[in-house]
Amino acid sequence: MSAAVTHPTAMTPESDNFLTNSRGFLSWALTLDHKRIGLMYLVGVLSAFGLAGILALILRAELMTPTQMFLSNQQYNQVFTLHGAIMVFLFIIPSVPAALGNFLVPIMLGAKDVAFPRLNLCSFYLWLVGAVFFLTAMLATGLDTGWTFYAPYSTTTQGPVVAATLGVFILGFSSIFTGLNFIVTINTMRPPGMTWFKMPLFLWATYATSIIQVLATPVLGITVLLLAAERVLHIGIFDPQYNGDPVTYQHFFWFYSHPAVYIMILPGMGIISELMSVHSHKSIFGYRFIAYSSIAIALFGFLVWGHHMFTAGMANVTTIIFSALTFSVSIPSAIKVFNWLATMYQGTVKLNTVMLYALAFLFLFTIGGLTGLWLGALSTDRPLHDTYFVVAHFHYVMVGGTLVGFLGGIFHWWPKMTGRMFNELWGKISCAIVFVGFNLTFLPQFILGSRGMPRRYARYVPEFQELHQLSSIGAFILGFGLFVALGVLLHSLFRGRRAPMNPWGGATLEWQCASPPPYYNFKHPPRVNEPYDYTGLRYRDAEHGWEYVHPESDKVSAPEATPETKPASN
Amino acid sequence: MMTMFRNSMDALLADQNATFFFPPRASTFAEETDVFFMYIFWISAFFFVLIVAGMIYFVVKFRERPGYQGDSRPLHNNALEITWTVIPTLIVIWIFARGVYGFIDMETPPADTIDINVTARKWDWSFQYPNGAIADTLHVPINQNIRLLMRSEDVIHAFYVPAFRAKKDVVPGRVTALWFRPILEGEYDLFCAEYCGDQHSEMIKRRGVVVHDQAGYEAWLAEAAKPPEHPVAHGYWLFSRLGCKSCHSLEPGKKIVGPSLAGTFGQTLRTADGQSVVFDENYVRESILEPQKKAREGFQNASQMPSFQGKLNNQELDAITAFLKALTENPALGDAVKDGDFSVDEQKALGYYTESEQESGGEPAGEDAAAAAQSPDPGRPAGEGVGTTQAESDS
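A quick note: this is a predicted structure, and the numbers were derived from the prediction, not measured.

### A few points about the overall build of chain A
Item 1. The number of helices and strands found in chain A is 16 helices and 2 strands.
Item 2. Of all 570 residues assigned to chain A, the portion counted as buried reaches 67%.
Item 3. Contacts in chain A between residues far apart in sequence, at least 24 positions, make up 80% of those at least 6 positions apart.
Item 4. Summing over all exposed atoms, chain A offers an accessible surface of approximately 18500 Å²; the carbon and sulfur share of this is 69%.

In structure tokens form, the structure reads like this:
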């Protein structure tokens, strides 16, 4: 074999490994390393997810019977508020961008770190402070407004509304700082040769997400401040008692919270673009369509908030316009699904854990997307609005989409993050259990909704009991599957085989970096190629990983003959 | 699990008007939304099967296996990409348009509606009918256009009758309107669909919506508008019906807008201009007919209260006086009226029981007592009780 097969960073000295290069609590607490911050975020958001997931199981257990089992009406309301608020603000919004994004964005750019490492650490601590504040407030006295804080209920109810909204305010800044950091990083730190259209699609998705985070989150800040002011000072904006209008609150709230839905799902879509291509060993189909559709979703996402208010008594013309805009955002999502599907065509599909999660995403997200058609259409939305149909719809998108995508991403980049391979068989089993449990939980809820079961009900009429019981059984299966997935990952830390540099045969830059990466990421600036060009990669049994065999000839056969003549900012 | 599913199927088929997806079709909207629902269902099913079948086919055909060599080079096909952009676009334009068509029907009430005023509050509904009858259940005649004019007294609620496929938020500070045309006689559930606090799920009115034939509706309406005969019961009936209770609490010291009326009768009060006045028969009469004349201290804003001059006759004024007097004599009456749970003492105060009947074996007798026995919920005016009884005995 020629010397070219041995990559200079294939073997990382233990002292350079970002996990072990410095030790002690302070080396983590004060780190500026994007990878360590990413891992701390990962632990943080997964803890939040675990807590909110247990709350979900408590709710599902209570719903086994139409009458009270162990939660009073008030307790039920507090638990569903906690479940929703923790899932949205502490888990799903920061999940992919803050945890995986922090780890991956600089490495995918061949950079040492994000543009503003201190701001990055600050963002993590804001998340932590916001989380502690938010949780203490909610647990201390029992917030019962739902995560949406609708006025005038939120301005009149007992409970820590002001403290909780301040927590949301702090968390908002964390989100804004992360978005700002990524925008600057992606704009200014792309290596020579990486034009916009040679960027991995995960970075396109992260960029689109960051735009929303920076532009929409301030509106959430304004909204919660106005809400606190209404509650404390009675300024008369949301509460009709002081000549305010509750529908105004909904406009403010959803102006942020609908784009926030795309903060949640776009990064998941970015992950799937990477996963489908790498594990099909096939260049992504329609790169530009996927890239543009991320931006299109981010922009259209700002214009559709009114579909949360179809029954709130908006003017008819407004309602019709919002319906039209809502459908416009469905097209870019459909394009992505078709592109992911076509990516497998003539590829070499490896049915490993990661690919199974990606395929599960495709299946579940398709259901989530298609069921949006009923809710976007004004006449069918009328009976379905605020029922379990909506609950099922957004769980298919948020859990079936984002969470399953996030899990796929964790499994995909786990060897890179930890340097350990996980057990494939148990990984696949976890995916199968999650898939079955998820569908059993949420498919019956569509039917509950179309039969008229309203959401946020602690009690219900007995006709709905069987479907509720199916759903509850599914929820426990889902919870068990997630527990298995956690076990697989934790097991790998202690018993896992050492991961090679490139276990899956990825062509993006993070796979040219050691596993786990050294704290400086790359000793030499990595060679930038097409992100989905796998032509030079060969599997090597000795390393259980992929390497470029003939990099020189590969370079010549690359489609872009003269990348250097193009400016980096295409 | 399958048994459970089959049981739920059986439960469904038991009601011949309900289908796998839908509750009974009891209004004209149901036809349109259900048919449209199924169109979208089949469109979605087509694309879903296409995507999943494609996925399975590709996974099987292009799976990694010995002797198979895939091609990793990029593919591009503009025609294909334009096709799968344009076709879904055309389909969603059609879905949008058909949705708007149904929506415009839902938002355009015909000219000849029966208007019913709806008040939502934590955690109850109140319906006021064209003849003045007030009830906590909704009664409508079949094949007539009904329009609900809805207000909330506190937070946002949403009126939702799945069988009518009708839903609208009830937003405080404004009136929202909802119309529908019932086409199937029966009793249907009414839900609150917007989270409104502690007892949100207690705002289920089980079979609280009754679609009558025309004669049945008129009979119910006439009965519901008929006042109870005993003066105290009549007084409370008027007190609820005239909207008094939305401003005057019956709990001691609780100020809503006007003063609480609990325990006030017979007391000497101070007026806003510093005089003292006895809360007696004359003061009650005067305050109802000319509310601004002797406004109480701390309630100078009595201009909010409308005058009832010419709206109430002497008998009705006497009934309200009798009710307020009974409220002072028996303070528990205020609580009883609020929670709807009457003890024998409270029923006595309201006139449902009399001493002689108690002595003659406790069996209720006489007209009022008969009404009380018939009504499962004496907290409601007797007229309403008849309707509720009917609804429950039918179920």
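### As for the overall build of chain B
Item 1. A tally of helices and strands in chain B yields 12 helices and 12 strands.
Item 2. Relative to all contacts within chain B whose residues are 6 or more apart in sequence, the contacts with residues 24 or more apart total 58%.

### Quick look at the side chain of Thr-223 of chain A
Item 1. Considering the arrangement of structural elements, one finds Thr-223 of chain A in helix α7 (residues 201–233).
Item 2. Once residues within four sequence positions are removed from consideration, Thr-223 of chain A is found in contact with Phe-238, Tyr-249, Phe-252 and Phe-253 of chain A.

### A word on the pattern of salt bridges
Residues and elements named next belong to chain B.
Item 1. For the structure shown, the criterion picks out 23 salt bridges over all chains.
Item 2. Among the salt bridges present, the one from Arg-25 reaches Asp-34, with a minimum N-O distance of 2.8 Å.
Item 3. Ionic pairing is found between Arg-98 and Glu-32, a salt bridge with its closest N-O pair at 3.1 Å. With Arg-98 in helix α3 (residues 78–107) and Glu-32 in helix α2 (residues 28–61), this pair connects stretches of sequence that are 66 residues apart.
Item 4. Connected via shared salt-bridge partners are Arg-25, Glu-31, Asp-34 and Arg-165.

### Observations concerning the packing of aromatic side chains
How two aromatic rings sit relative to each other is set out by the distance from centre to centre and by the angle between their planes.
Item 1. All chains considered together, the criterion is met by 75 aromatic pairs over all chains.
Item 2. Arranged with centres 5.9 Å apart and planes meeting at 85°, the rings of Phe-89 of chain A and Phe-134 of chain A form a pair that is edge-to-face. Of this pair, Phe-89 of chain A sits in helix α3 (residues 73–108) while Phe-134 of chain A sits in helix α4 (residues 117–141), placing them 45 residues apart in sequence.
Item 3. The buried category is assigned to Phe-89 of chain A, whose relative accessible area is 6%.
Item 4. Phe-134 of chain A gets classed as buried once you look at its relative accessible area, which sits at 0%.
Item 5. With 5.0 Å between their ring centres and 80° between their planes, Phe-41 of chain B and Trp-42 of chain B make a pair best called edge-to-face.
Item 6. For Phe-41 of chain B, a relative accessible area of 25% puts it in the partly exposed group.

### Notes on the interface of chain A and chain B
Item 1. Listed per partner, the contact involves 90 residues of chain A and 86 residues of chain B.
Item 2. Both faces combined, the contact of chain A with chain B buries some 7900 Å², and carbon together with sulfur accounts for 69% of it.
Item 3. Interface area lost by chain A to chain B is led by Phe-338, Arg-382 and Arg-451 of chain A, which between them contribute 10%.
Item 4. At the boundary of chain A with chain B, the tally comes to 3 salt bridges.
Item 5. Between Asp-245 of chain A and Arg-174 of chain B there is a salt bridge whose closest N-O contact spans 2.8 Å.
Item 6. A total of 14 residues in the side of chain A that touches chain B trace back to one element, the largest contributor, which is helix α10 (residues 316–343) of chain A.
Item 7. Residues of the side of chain A that touches chain B, tallied by class, amount to 48 nonpolar, 30 polar and 12 charged.

### A few points about the environment of Ala-18 of chain B
All names here are of chain B.
Item 1. Checked against the element boundaries, Ala-18 lands in the loop between α1 (2–14) and α2.
Item 2. For Ala-18, a relative accessible area of 13% translates into the label buried.
Item 3. For the pair formed by Ala-18 and Ala-163, sequence separation is 145 residues and the distance between their alpha carbons is 9.1 Å.

### Looking at the sheet that holds strand β5 (residues 146–152) of chain B
All names here are of chain B.
Item 1. Taking strand neighbours across the sheet as the criterion, the 5 strands line up as β3-β2-β1-β5-β8 in an open arrangement whose pairing is mixed. The sheet terminates laterally at β3 (134–135) and β8 (176–180), the two strands that pair on one side only.
Item 2. The pairing of strand β1 (residues 114–121) with strand β2 (residues 124–128) spans 5 bridges and is classified as antiparallel. Following the sheet pairing, Asn-117 is matched in β2 by Gln-128.

### Observations concerning the sheet that holds strand β6 (residues 157–161) of chain B
Residue and element names in this part refer to chain B.
Item 1. Read across the sheet, 5 strands follow the order β4-β10-β9-β6-β7 without closing on themselves; strand pairing throughout is mixed. The sheet is open, and its two borders are formed by β4 (138–141) and β7 (166–170), each paired with just one other strand. For this sheet, the mean inter-axis angle between neighbouring strands, taken without regard to orientation, is 25°.
Item 2. For β6 and strand β9 (residues 186–192), the ladder comprises 2 bridges, and the chain directions are antiparallel. Across the sheet, residue Tyr-160 finds its bridge partner in β9, namely Phe-191.

### Focus: the packing of α3 of chain A against α4 of chain A
Residues and elements named next belong to chain A.
Item 1. Interhelical geometry of α3 versus α4 gives an angle of 170° and a closest axis separation of 11 Å. Between α3 and α4, the crossing angle belongs to the class labelled roughly antiparallel. Contacts between α3 and α4 involve Gln-78, Leu-82, Ala-85, Ile-86, Phe-89, Leu-90, Pro-94 and Asn-102 from the first element and Asn-120, Trp-127, Ala-131, Phe-134, Leu-135, Met-138, Leu-139 and Thr-141 from the second.
Item 2. Here the contact of α3 with α4 is composed, by residue class, of 12 nonpolar, 4 polar and no charged.

### Topic: the environment of Ile-477 of chain A
Residues and elements named next belong to chain A.
Item 1. Tracing the backbone shows Ile-477 in helix α15 (residues 465–495).
Item 2. Using a relative accessible area of 25% as the deciding quantity, one classes Ile-477 as partly exposed.
Item 3. Residues contacting Ile-477, with those up to four places away along its chain left out, are Ile-433, Gly-437 and Leu-440.

### Things to note about the side chain of Thr-508 of chain A
Residue and element names in this part refer to chain A.
Item 1. By secondary structure assignment, the location of Thr-508 is in the loop between α15 and β1 (537–540).
Item 2. According to the relative accessible area criterion, Thr-508 is buried, its value standing at 2%.
Item 3. Only 2.8 Å separates the side chain of Thr-508 from the side chain of Glu-510, close enough to count as a polar contact.
Item 4. Apart from the residues lying within four places of it in its own chain, the contact partners of Thr-508 are Pro-200, Glu-274 and Pro-531.

### What to know about α3 of chain A
Because each turn of an α-helix spans 3.6 residues, side chains separated by three or four positions in sequence point in the same direction.
Residues and elements named next belong to chain A.
Item 1. The first and last C-alpha atoms of α3 sit 49 Å apart over 36 residues, in line with the 52 Å expected at 1.5 Å per residue.
Item 2. At Ser-95, α3 shows its largest bend, some 65°, and a proline, Pro-97, comes one to four positions later.
Item 3. Of all 36 residues in α3, 33 are buried; the element is thus mostly enclosed.
Item 4. Looking one or two residues beyond α3, the residue adopting positive phi is Gly-110, at roughly 70°.

### Comments concerning a nonpolar patch on the surface
Residues and elements named next belong to chain A.
Item 1. Nonpolar side chains collect at one region of the surface, where Phe-480, Phe-483, Leu-486, Leu-490, Leu-493 and Phe-494 lie side by side and expose about 660 Å² of accessible area between them.
Item 2. Assignment of secondary structure puts Leu-486 in helix α15.
Item 3. Overall, Leu-486 belongs to the partly exposed group, its relative accessible area being 40%.

### Quick notes on unusual backbone geometry
Residues and elements named next belong to chain A.
Item 1. Geometrically, the link from Ala-151 to Pro-152 is a cis peptide bond, its omega value of 0° lying close to zero.
Item 2. Locating Pro-152 in the fold gives a position in the loop between α4 and α5 (153–156).
Item 3. Here the residue pair Ser-515 and Pro-516 is connected by a cis peptide bond, since its omega of -10° sits within 30 degrees of zero.
Item 4. Relative to the helices and strands, Pro-516 is located in the loop between α15 and β1.
Item 5. The phi dihedral of Phe-149 falls on the positive side, at around 55°, and the residue is not glycine.
Item 6. Within the element layout of this structure, Phe-149 appears in the loop between α4 and α5.
Item 7. For Phe-149, a relative accessible area of 1% corresponds to the buried category.
Item 8. Phi angles above zero are rare outside glycine, and Asn-243 is one such case at about 65°.
Item 9. By secondary structure assignment, the location of Asn-243 is in the loop between α7 and α8 (246–279).
Item 10. Asn-243 gets classed as exposed once you look at its relative accessible area, which sits at 74%.

### What to know about the packing of helix α11 (residues 353–376) of chain A against helix α13 (residues 388–418) of chain A
Residues and elements named next belong to chain A.
Item 1. Two elements in contact, α11 and α13, have axes whose closest approach is 8 Å; the angle formed by their N-to-C orientations is 160°. Considering the angle they form, α11 stands roughly antiparallel to α13. Crossing hand, α11 versus α13: left-handed.
Item 2. Here the contact of α11 with α13 is built from residues that sort into 16 nonpolar, 12 polar and no charged.

### Here's the deal with the confidence of the model for chain B
Item 1. For chain B, mean pLDDT is 79; residues scoring 70 or higher make up 75% of the total.
Item 2. A low-confidence stretch, residues 354–395 of chain B (pLDDT under 50), is modelled with 58 contacts involving residues beyond four sequence positions or located in other chains.

Rules behind the numbers
- Residues numbered from 1 in each chain as written.
- Chains lettered and ligands numbered in written order.
- Predicted model: local features only at pLDDT ≥ 70, side-chain atom pairs only at ≥ 80, totals over all residues.
- Heavy atoms only, no water.
- Helix = DSSP H or I, 4+ residues; strand = E, 2+ residues; numbered from the N terminus.
- Buried < 20%, exposed > 50% of the residue type's maximum accessible area, 1.4 Å probe, protein only.
- Contact = heavy atoms within 4.5 Å.
- Areas by Shrake-Rupley, 256 points an atom, 1.4 Å probe, with all protein chains shown as cover.
- Salt bridge = Lys/Arg side-chain N within 4 Å of Asp/Glu carboxyl O.
- Phe/Tyr/Trp six-rings, centres within 6.5 Å; stacked < 30°, edge-to-face > 60°.
- Buried area = accessible area lost by both parts, 1.4 Å probe.
- Nonpolar A, V, L, I, M, F, W, Y, C, P; charged D, E, K, R; others polar.
- Pairing = 2+ DSSP bridges.
- Axes fitted to C-alpha atoms, helices over the stretch in contact; angles between N-to-C directions.
- Parallel < 35°, antiparallel > 145°, perpendicular 65-115°, else oblique.
- Polar contact = N/O pair within 3.5 Å; in protein donor to acceptor, adjacent residues only side chain to side chain.
- Expected span 1.5 Å × (residues − 1).
- Bend = angle between axes of the 7 residues up to and from the residue.
- Patch = residues over 30% accessible without salt bridge, like charges linked within 9 Å, V, L, I, M, F, W, Y side chains within 5 Å.
- Left-handed = near helix turned anticlockwise from the far one by under 90°.
- pLDDT = per-residue confidence, 0-100.

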